[in-house]
Amino acid sequence: MLASNGKPFSFDKSEINPARKKQSVKHTVLDVIIFLLTSLGYIIQAVYYTLFGKPKKDLNGELALVTGGGGGLGRLLALRLTKLGAKVIVWDINQAGIDETVKIVKSLGGFCKGYKVDISNKEQVYKFADLMREEVGDVSLLFNNAGVVSGRALLDTPDQLIERSFNVNILAHFWTTKAFLPSMLERDHGHIITIASLAGHVGISKLVDYCSSKFAAVGFDEALRIELEYMGANGVFTTVICPFFIQATGMFDDVNSRWVPTLDSNDVADQIIEAVQKNEKYIIVPGYLRAMLAVKWIFPWGCNSGFLRRIVPDATPQHVVTPVQTPKGLQMNGTAHPLDQASSDNNNVKSSPLLVHRLSTGERVL
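Residues numbered from 1 in each chain as written. Predicted model: local features only at pLDDT ≥ 70, side-chain atom pairs only at ≥ 80, totals over all residues. Heavy atoms only, no water.

**With respect to the overall build of the protein chain**
Point 1. Scanning the protein chain from N- to C-terminus turns up 10 helices and 12 strands.
Point 2. Considering only contacts in the protein chain between residues 6 or more positions apart, those separated by 24 or more positions represent 71%. (Helix = DSSP H or I, 4+ residues; strand = E, 2+ residues; numbered from the N terminus. Contact = heavy atoms within 4.5 Å.)

**Concerning the layout of surface pockets**
Point 1. Computed from the structure, the largest pocket encloses a volume of approximately 1100 Å³.
Point 2. Taken together, 29 residues make up the lining of the largest pocket; nearest its centre are Ala46, Lys54, Glu280, Lys281 and Tyr282.
Point 3. Counting residues per element, the ones that place at least two in the lining of the largest pocket are α1 (18-52), α6 (208-231), α7 (265-277) and β8 (282-285).
Point 4. It is α1 that contributes the most residues to the lining of the largest pocket, 10 residues altogether.
Point 5. When the residues that make up the lining of the largest pocket are grouped by side-chain class, the tally is 12 nonpolar, 8 polar and 9 charged. (1 Å grid on protein atoms, 1.4 Å probe; cavity = no way out; pocket = protein on both sides within 12 Å on 5 of 7 lines; lining within 4 Å. Points joined across faces, edges and corners; volume = space filled by probe spheres on them. Nonpolar A, V, L, I, M, F, W, Y, C, P; charged D, E, K, R; others polar.)

**Brief notes about the nonpolar core**
Point 1. Within the largest apolar cluster, 84 residues are counted, with the highest numbers of intra-cluster contacts made by Leu81, Trp91, Phe143, Phe180 and Phe244.
Point 2. Looking at which element gives the most residues to this core, the answer is helix α5 (residues 159-187), with 8 residues.
Point 3. With near-sequence residues (within four places) excluded, Phe180 lies in contact with Leu65, Trp91, Ala129, Met132, Arg133, Val139 and Leu142. (Core = buried A, V, L, I, M, F, W, Y, C linked by side-chain atoms within 4.5 Å. Buried < 20%, exposed > 50% of the residue type's maximum accessible area, 1.4 Å probe, protein only.)

**A word on helix α4 (residues 122-135)**
Since there are 3.6 residues in each turn of an α-helix, residues three or four apart along the chain are aligned in direction.
Point 1. Taking 1.5 Å per residue as the helical rise, α4 with its 14 residues ought to reach 20 Å, and the 20 Å between its terminal C-alpha atoms agrees with that figure.
Point 2. Along α4, the residues that are buried comprise Val125, Phe128, Ala129 and Met132. What you see down the axis of α4 is that its buried residues fit within an arc of 115°, all on one side. Away from its buried face by more than 90 degrees, α4 exposes Glu123, Lys127 and Glu134.
Point 3. For α4, the N-terminal cap is Asn121; the gap from its side-chain oxygen to the backbone nitrogen of Glu123 is 3.0 Å.
Point 4. One or two residues past the end of α4 sits Gly137, with phi positive at roughly 140°. (Expected span 1.5 Å × (residues − 1). Arc of directions from axis to C-beta. Polar contact = N/O pair within 3.5 Å; in protein donor to acceptor, adjacent residues only side chain to side chain.)

**Details of the pattern of salt bridges**
Point 1. Overall, the coordinates contain 7 salt bridges when judged by the stated rule.
Point 2. Between Lys113 and Glu135 there is a salt bridge whose closest N-O contact spans 3.0 Å. On the criterion of sequence distance, the pair formed by Lys113 in strand β3 (residues 112-116) and Glu135 in helix α4 is long-range, its members being 22 residues apart.
Point 3. Among the residues examined, Lys113 registers a relative accessible area of 29% and is labelled partly exposed.
Point 4. A relative accessible area of 43% means that Glu135 is categorised as partly exposed. (Salt bridge = Lys/Arg side-chain N within 4 Å of Asp/Glu carboxyl O.)

**Considering a nonpolar patch on the surface**
Point 1. Together, Ile43, Val47, Tyr48, Leu51 and Phe52 line one region of the surface with nonpolar side chains, adding up to about 570 Å² of accessible area.
Point 2. Judged by its relative accessible area of 60%, Leu51 is exposed. (Patch = residues over 30% accessible without salt bridge, like charges linked within 9 Å, V, L, I, M, F, W, Y side chains within 5 Å. Areas by Shrake-Rupley, 256 points an atom, 1.4 Å probe, with all protein chains shown as cover.)

**Some thoughts on the sheet that holds strand β7 (residues 236-243)**
Point 1. Spatial ordering of the open sheet is given by β3-β2-β1-β4-β6-β7-β8, a layout of 7 strands whose pairing is parallel. The sheet terminates laterally at β3 and β8, the two strands that pair on one side only. Within this sheet the neighbouring strands show an average axis-to-axis angle of 15°, counted without direction.
Point 2. Here β7 pairs with β8 via 4 bridges, running parallel. Bridging across to β8, Pro243 finds its partner in Val285.
Point 3. Contacting β1 (63-67), β2 (87-92), β4 (141-144) and β6 (190-195), helix α2 (residues 72-83) runs over the sheet at an angle of about 170° to β2.
Point 4. Along the sheet, α7 contacts β4, β6, β7 and β8; its crossing angle with β8, the most-contacted strand, is approximately 165°. (Pairing = 2+ DSSP bridges. Axes fitted to C-alpha atoms, helices over the stretch in contact; angles between N-to-C directions.)

**Considering the packing of aromatic side chains**
Point 1. Scanning the entire structure with this criterion turns up 5 aromatic pairs.
Point 2. Relative to Phe52, the ring of Tyr48 has its centre 4.9 Å away and its plane inclined at 40°; by these criteria the two rings are tilted. Highlighted residues: Tyr48 and Phe52, both in helix α1, separated by 4 residues, approximately one helical turn.
Point 3. Taking relative accessible area as the criterion, Phe52 reaches 61% and is therefore assigned exposed.
Point 4. Site record: aromatic cluster; members linked through ring pairs are Tyr48, Tyr49 and Phe52.
Point 5. The ring of Trp175 carries the charged tip of Lys122 above its face, separated from the ring centre by 5.4 Å. (Phe/Tyr/Trp six-rings, centres within 6.5 Å; stacked < 30°, edge-to-face > 60°. Lys NZ or Arg CZ within 6 Å of the ring centre and 35° of its normal.)

Here it is, written out as structure tokens:
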């Protein structure tokens, strides 16, 4: 680059305005001081809430959408919301489950409508979101609860089941949030609840696709919350729920868990509703496992791995797969491994006896 005199342009650091540089340093120091004082305020507030309790907001009159509400944890959430005076909408792929939830809620004197929606299909999500707005109104409580799990070792998981895990467990959160967040922002009133998992913080064998999707769900909630804060949407909240294995939800009912007992689904539902009422940012269930997550990045990997392999020796013990590489290809128990029988793109699932496609209408667990 040439200067006006035709000579090469050079930048002289001495030309920097000393006053501007000094002002920049002052702003940085002031910013740090403000941050520390604000942080101290939040810490004092947290201590106060711990000692004296946090106020609860009233859910009476709110319109709540619960995905996967046709059974399991989703149904339990619907019942608790009804008792608190909220109107409830349930989405599910199981029509019989939807009908049962609607029947139970109405028997309690509550308002409930159900729609058969495949939340992995964004066109369906947007279509039924529009229909709901016309028939019922704007959603103010969005419970992204539905989920699926394949429960297989990575190499035993057909491609379409991996895609299904991500489509339901995380991508669907984008579609539902994009469908209902605009009205929340317009009214500066709403709450988005992400039912993630402790598997969104730690890895577990045979749950590679599941853990990956739940890690994404935890990140989705945190990034969305930061974005809402930048937008100044003070009346729109987000909460992420990260429970350990939950009993009687149709997923991991036979899990081999040690040291930490599996959770009662009713207790988890109670804690979720309480977290929403208190506008909690996130909850770990059980709470004492927060200490485990806090030290995850402090101890060597061998310590973390040893702990995780002992606390959850096998997430799906009834599906034992021990393939062995032989000159004839992968074999298991002396016969050809189903992965060798499948098509080259690992999508031929019809002939594979190992395939387990377990859909939960009330996703819960680790």
